[in-house]
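Commentary on secondary and tertiary structure
Read off the chains here:
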Amino acid sequence: QVQLVESGGGLVQPGGSLRLSCAASGFTFSRYAMRWYRQAPGKERELVAGITSAGGSTTYLDSVKGRFTISRDNAKNTVYLQMNSLKPEDTAVYYCKVIGVRMVDYWGQGTQVTVSS
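Residues numbered from 1 in each chain as written. Predicted model: local features only at pLDDT ≥ 70, side-chain atom pairs only at ≥ 80, totals over all residues. Heavy atoms only, no water.

**Quick notes on the packing of aromatic side chains**
Filter applied, for reference: Aromatic rings from Phe, Tyr and Trp, taking only the six-membered ring of Trp, are treated as a pair when their centres fall within 6.5 Å; an angle between ring planes under 30 degrees marks them as stacked, one over 60 as edge-to-face, and anything in between as tilted. The criterion for a charge sitting over a ring is simple: Lys NZ or Arg CZ within 6 Å of the ring centre, and within 35 degrees of the ring normal.
By the definition in use, this model includes four aromatic pairs. Taken together, the aromatic side chains of F27, F29 and Y32 make up a single cluster linked through ring pairs. Above the face of the W107 ring, R45 is positioned so that its terminal group lies 4.5 Å from the ring centre. Looking at R72, its charged tip hangs above the ring of F29, at a distance of 4.3 Å from the centre.

Below is the structure:
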């Protein structure tokens, strides 16, 4: 079965960095684009970053451009989100998602990121 397991969240001070990982299994990882989303308390889930199957193209939410970097290692079936210069408004639960595996979208369980002094 398809599984996505996020890790790497935690508490960090403003200006700090974190690297999130999403380990995938149950499908041919290298064939699918991957996305990172986040959801802050009381807000809708939003798309933060996306990466194509081979990693040749990426997209970002405007508010994270220049600070976050999405990447993937197809040999390790893992997608990453490097987050630098973190701000309190980046506080949220971060989720990875794969779209259209046998016509079904799958989410991970999420990892909490808290940016606070």
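**Concerning the layout of surface pockets**
For the record, the criterion: Buriedness of a pocket was judged along seven lines, with at least five required to meet protein on both sides within 12 Å; pockets are open sets of points on a 1 Å grid over the protein atoms alone, cavities are sets where a 1.4 Å probe fits but cannot get out, and lining residues have an atom within 4 Å of a point. Grid points are joined across faces, edges and corners, and a volume is the space filled by probe spheres set on the points. Residues are grouped as follows: Ala, Val, Leu, Ile, Met, Phe, Trp, Tyr, Cys and Pro are nonpolar; Asp, Glu, Lys and Arg are charged; every other residue, Gly included, is polar.
Here the largest pocket defines a volume of roughly 160 Å³. Along the walls of the largest pocket sit 13 residues, with R38, A40, K43, E46 and E89 positioned nearest its centre. The class makeup of the residues in the lining of the largest pocket is two nonpolar, three polar and eight charged.

**A short note on the pairing of strand β3 (residues 18-25)**
So the rule is basically this: For two strands to be treated as a pair, DSSP must find at least two bridges joining them. What counts as a helix is a DSSP run of H or I of at least four residues, what counts as a strand is a run of E of at least two, and both are numbered from the N terminus.
Direction of pairing for strand β1 (residues 3-7) relative to β3: antiparallel, over a ladder of five bridges. Bridging across to β3, L4 finds its partner in A24. Across six bridges, the pairing between β3 and strand β8 (residues 78-83) is antiparallel. In the sheet register, L18 faces β8, and the bridge partner there is M83.

**Considerations on the environment of G66**
Going by this rule: Remark: exposure states derive from per-residue accessible area (1.4 Å probe, protein chains only) relative to the maximum for the residue type, with buried under 20%, exposed over 50%, and partly exposed in between.
Within the secondary structure, G66 is located in the loop between β6 (58-60) and β7 (68-73). On the basis of relative accessible area, G66 is assigned to the exposed category, the value being 84%. Sequence-wise, G66 and N84 are 18 residues apart; in three dimensions their C-alpha atoms are separated by 8.7 Å.

**Details of the state of the cysteines**
Simply put, disulfide is the name for a covalent bond between the sulfur atoms of two cysteines. Our working definition: Cysteine sulfur atoms are paired as a disulfide whenever they fall within 2.5 Å.
Under the counting rule described, the total for this entry stands at one disulfide. Covalent S-S linkage joins C22 and C96, the inter-sulfur distance amounting to 2.0 Å. Across the S-S bond of C22 and C96 the torsion is about 55°, and the bridge reads as right-handed. Taken as a pair, C22 in strand β3 and C96 in strand β9 (residues 92-101) lie far apart in primary sequence, 74 residues in all. You'll find C22 and C96 in the same group, each marked buried.

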